[in-house]
Amino acid sequence: MAASPQIASLLGRRGRLGLDDVLAALVVDGYVAADDAKNVRMGARAGRATVELHPLVLIANAKLPNQREPGRPLSLEGLTEWLAGQAALPYLKIDPMKINVAAVTQVVSHAYATRHRILPVAATPGEVTFATCEPFDAAWASDLAQMLRRDVRRVVASPLDINRFLAEFYGVQRSIQLAQDAKGSGYDSAAAILNFEQLVELGKAGEVGADDRHVVHIVDWLLQYAFEQRASDIHLEPRREAGQMRFRIDGVMHKVFELPPPVMTAVTARIKILARMDVAEKRRPQDGRIKTRSSAGREVELRISTMPTAFGEKVVMRIFDPDIVAKDFGQLGFSPQEGEAWRSMVERPHGIVLVTGPTGSGKTTTLYSTLKHLARPELNVCTVEDPIEMVSSELNQMQVQASIELDFAAGVRTLLRQDPDIIMIGEIRDLETAQMAVQASLTGHLVLSTLHTNDAPSAVTRLLDLGVPHYLIQSTLTGVVAQRLIRTLCPHCKREAQQDPHTWTALTHGWSLPVPKKVYEPVGCLECRNTGFMGRTGVYEMLKLSPRLRGLISAQLDLARFGEGALAEGMQPLRISAAAQVAKGLTTVQEVLTVLPPIEHESQP
């Protein structure tokens, strides 16, 4: 958007932006009709909102038609970008995950930043970058450059973002500082024993209390922030100098924040209290759960796991949003043929159906979505899990508890006395559990469970390795689904690209699939935080056991021959399911190749 000297002088004549000036500039530039501008002016005067709200916010709230680009509304971000262009300054969409909050909040005080409507977003020894929503009010910049003895760079950002992150950045940093300054009733010697790498600083005793209001604020902010950023996991990692907070978003880890060690310890204790875990026990791993609400009002479950490390307790919180976990089969990424094959496996009255894949490949989501699909008032659906991933009112769920010798096998044995129709076993880990699953299937129940294998045919060899007799596998196993999760391209910014035939051949190894005519590549925009990807979808390998495949199962199973037989019976390997997602324009070959198992693990056509 080219800057116009006429418009710039119109906007900048008073320093601070006024509603009349901004509307006049938008009319001159052809974005707003004169009548629409008049209506906004009158509405603002009637509501007396001109003092409280920034002019761009008032105009964006009016949802005026865009005269220059019909169909594209005059959004706040679009107006901010226009303003940046008129001021000849860079436009910035603030991404808090890319800002070192501890460093930038040291540059200027909260009061100074609020007074001038500026937010520090980057700081180096020679330069500080400030986001402003008043680009024609620049008097503060030269004063600040002299005081800081650093160059001051200005960028233009949304007024709502600046107000929000001013409160959040300074509020959280203040809570951290106050929590660090607060000294408890004495030094916790148990913590010292656990922290193998502790550096004892003489004269600096005292612990931060987990119920301290500043610590409560930090934890509340952390959870809401994770929900907003679509994180699937929150990692709190203690270190000697400063503990790290990291989020996993779309399968990729992002560093979010650093906390001083005493504050990290207090935050960990606060989370353990919320999860009803033993706060005093820091030597053993523990599991717990928290149920809370997101800012949108949805109930969200968090599964908490702690682990003792060299610098204290590491905490991982896995987030289960019920709206995300329970999807229909189309939303999971099943093609119509895969959805039909999966339904034919799980809608039988008895048999064992296995879902396989590494940790984080979406097995839980597939199983819960399937149970939601199967659960009807006339059926008794029971699960035994370690731990219960997500509590559901339609299921009867039992948690494994090793301390009282309630393992998977004992759980299934109990469930068989509970008149079940469908049993879900969290994971088959040992022979006893596998035997109980087989027993349940033989007595007329549908059993769903998971295994850790690279592909679907390997599940049969895994059961044989556990010690399940081949004839019982023949008579009970209905089918196996292997799966992976791949990142999907951001629908807002993906663009058409040329598919390299060599990478396509690498993906469709041994399968003569035509190179798709239209493929897309990631670009990066505000919606996807410039990653080019937004969300994930599943790719699947469906192995349904036919009479011929059952005949191939023997005590000394030839896996290669069995895999070839599965392909001959219509099984499509993971890479072909993934190739279909590329051909649909949902992802890229490069993304798919990072998550698929090596070719030597796959059956060849």
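Cut-offs and rules
- Residues numbered from 1 in each chain as written.
- Predicted model: local features only at pLDDT ≥ 70, side-chain atom pairs only at ≥ 80, totals over all residues.
- Heavy atoms only, no water.
- UniProt positions renumbered as here; feature names shortened; annotations may be inferred.
- pLDDT = per-residue confidence, 0-100.
- Helix = DSSP H or I, 4+ residues; strand = E, 2+ residues; numbered from the N terminus.
- Contact = heavy atoms within 4.5 Å.
- Pairing = 2+ DSSP bridges.
- Disulfide = S-S within 2.5 Å.
- Buried < 20%, exposed > 50% of the residue type's maximum accessible area, 1.4 Å probe, protein only.
- Salt bridge = Lys/Arg side-chain N within 4 Å of Asp/Glu carboxyl O.

- In the nomenclature of an unreviewed UniProt entry, the protein corresponds to General secretion pathway protein E from the organism Frateuria terrea.
- According to the UniProt record, the Sequence similarities (unreviewed entry) comment for the protein is "Belongs to the GSP E family."

## As for the confidence of the model for the protein
Phase 1 of the analysis: In this model, the protein carries a mean pLDDT of 85, and residues with pLDDT of at least 70 account for 89%.
Phase 2 of the analysis: When the elements of the protein are averaged for pLDDT, helix H10 (residues 189-194) gives the smallest value, 41, and strand E10 (residues 351-356) the largest, 96.
Phase 3 of the analysis: The low-confidence segment residues 183-195 (pLDDT under 50) makes 22 contacts with residues lying over four places distant or belonging to another chain.
Phase 4 of the analysis: Within the model, the stretch residues 197-206 combines pLDDT values under 50 with 12 contacts to residues more than four positions away or in other chains.

## A short note on the pairing of strand E7 (residues 286-293)
Phase 1 of the analysis: Of the pairings in the sheet, the one linking E7 to strand E8 (residues 299-309) comprises 8 bridges and is antiparallel in character. By the bridge assignment for E8, lysine 291 is matched with glutamate 301.
Phase 2 of the analysis: The hairpin turn running from E7 into E8, its antiparallel successor, is 5 residues long, and glycine 297 in that turn takes a positive phi close to 95 degrees.

## Considering the state of the cysteines
Phase 1 of the analysis: Going through the model one piece at a time under the given rule, you end up with 0 disulfides.
Phase 2 of the analysis: The thiol of cysteine 493 is not disulfide-bonded; the next cysteine sulfur, from cysteine 525, is found 3.7 Å away.
Phase 3 of the analysis: With a relative accessible area of 12%, cysteine 493 lands in the buried category.
Phase 4 of the analysis: Cysteine 525 gets classed as buried once you look at its relative accessible area, which sits at 17%.

## What about the pattern of salt bridges?
Phase 1 of the analysis: Applying the stated criterion to the full structure yields 27 salt bridges.
Phase 2 of the analysis: As a salt-bridge pair, arginine 164 and glutamate 168 come within 3.0 Å of each other at their nearest N and O atoms. Here glutamate 168 and arginine 164 lie together in helix H9 (residues 159-181), a separation of 4 residues that amounts to about one turn.
Phase 3 of the analysis: The class for arginine 164 is partly exposed, based on a relative accessible area of 29%.
Phase 4 of the analysis: Across the pair glutamate 313 and lysine 272 runs a salt bridge, and its minimum N-O distance is 2.8 Å. Pair noted here: glutamate 313 is in strand E9 (residues 312-320) and lysine 272 is in helix H12 (residues 261-274), with a separation of 41 residues, a long-range link.

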